Amino acid sequence: MSLTCNAFRFATQSEEGVEWSLKRNCSVTPAQLGGLYASLCAVSLGVAGFLWSQGAMLVLPFAVLELVAVGAAFLVYARHAADSERIRLLDGRLVVEQETAGRVKRSEFVRDWVQIEPHGGDGLMIEVRGGGQTVRLGRFLRPELRPVLVREIRQALRGA
C-alpha cells in the first residue's frame, strides 16, 4: 500500500494495514467512577449514621435508597463508557468491530465488494454494505465529520 499517515485525519497505519478507532467521549473512567462512588457512600453513610445515632431514624434508610439509585445510574454509565467502533483494512478485508456494553459485534467485508455510503441525509450515519450484510457506523463521531471518514475509508479501499 502506498498510503501515508498524513493522508488521513482519523486513521492510523501500521504494517498490518489501516485502522480507524472511534470511541465514546468519556471524561470519567469506570475506575474513577468507582472511587467517586465509594467516597460518596462513605460520606453519605457517615452523615446518615451520625444522624441515626442522634434519633433521626429515617435518614439512614433514605440515604441507602439514594445510594442504590446513584449506584444503578453509575453502573449504566460505566457499562457504556468503553463503547467503541473499530474499522480495519487488513489483507483485502474491511473488518468492522462494534463494542456496546462489553459485547463485540464483528463484521467482515471483501475489499473489492464493499460499499461505504452516508446513510439518511445530513450525514446521520455511515452505512457499510457488502456480501449481504449491512453495518451502520459513526455513533461516536460528530455528524459534520462523518463525510470525512467516508472519504478516508474509500481512499484506503482504493489504495490511493
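Residues numbered from 1 in each chain as written. Predicted model: local features only at pLDDT ≥ 70, side-chain atom pairs only at ≥ 80, totals over all residues. Heavy atoms only, no water.

**Quick notes on the sheet that holds strand β2 (residues 17-23)**
- Taken in spatial order, the 5 strands line up as β1-β2-β3-β4-β5 in an open sheet, and their pairing is antiparallel. The two strands at the open ends of the sheet, each matched to only one other strand, are β1 (11-13) and β5 (103-110). Strand-to-strand twist of the sheet, defined as the mean angle between neighbouring strand axes without regard to direction, takes the value 15°.
- In terms of strand pairing, strand β3 (residues 84-90) meets strand β4 (residues 93-100) through 7 bridges, oriented antiparallel. Counterpart to Leu 89 in the pairing with β4 is Leu 94.
- Against the sheet, helix α3 (residues 146-158) engages β1, β2, β3 and β4, with an angle of about 160° to β2. (Pairing = 2+ DSSP bridges. Helix = DSSP H or I, 4+ residues; strand = E, 2+ residues; numbered from the N terminus. Axes fitted to C-alpha atoms, helices over the stretch in contact; angles between N-to-C directions. Contact = heavy atoms within 4.5 Å.)

**Focus: the pattern of salt bridges**
- Inspection of the entire model under this criterion finds 12 salt bridges.
- When the shortest N-O distance is used, the salt bridge between Arg 88 and Glu 97 registers 3.3 Å. In terms of burial, Arg 88 and Glu 97 fall into one category: buried.
- One salt bridge in this structure joins Glu 108 and Arg 106, with 2.8 Å as the shortest N-O distance.
- Note on Arg 106: relative accessible area 42%, which makes it partly exposed.
- Bridged by salt links that share partners, the residues Glu 19, Arg 86, Arg 88, Arg 93, Glu 97, Arg 106 and Glu 108 form one connected network. (Salt bridge = Lys/Arg side-chain N within 4 Å of Asp/Glu carboxyl O. Buried < 20%, exposed > 50% of the residue type's maximum accessible area, 1.4 Å probe, protein only.)

**Describing the state of the cysteines**
- Tallied over the full model, the rule gives 0 disulfides.
- The thiol of Cys 26 is not disulfide-bonded; the next cysteine sulfur, from Cys 41, is found 20 Å away.
- By relative accessible area, which is 16% here, Cys 41 ends up buried. (Disulfide = S-S within 2.5 Å.)

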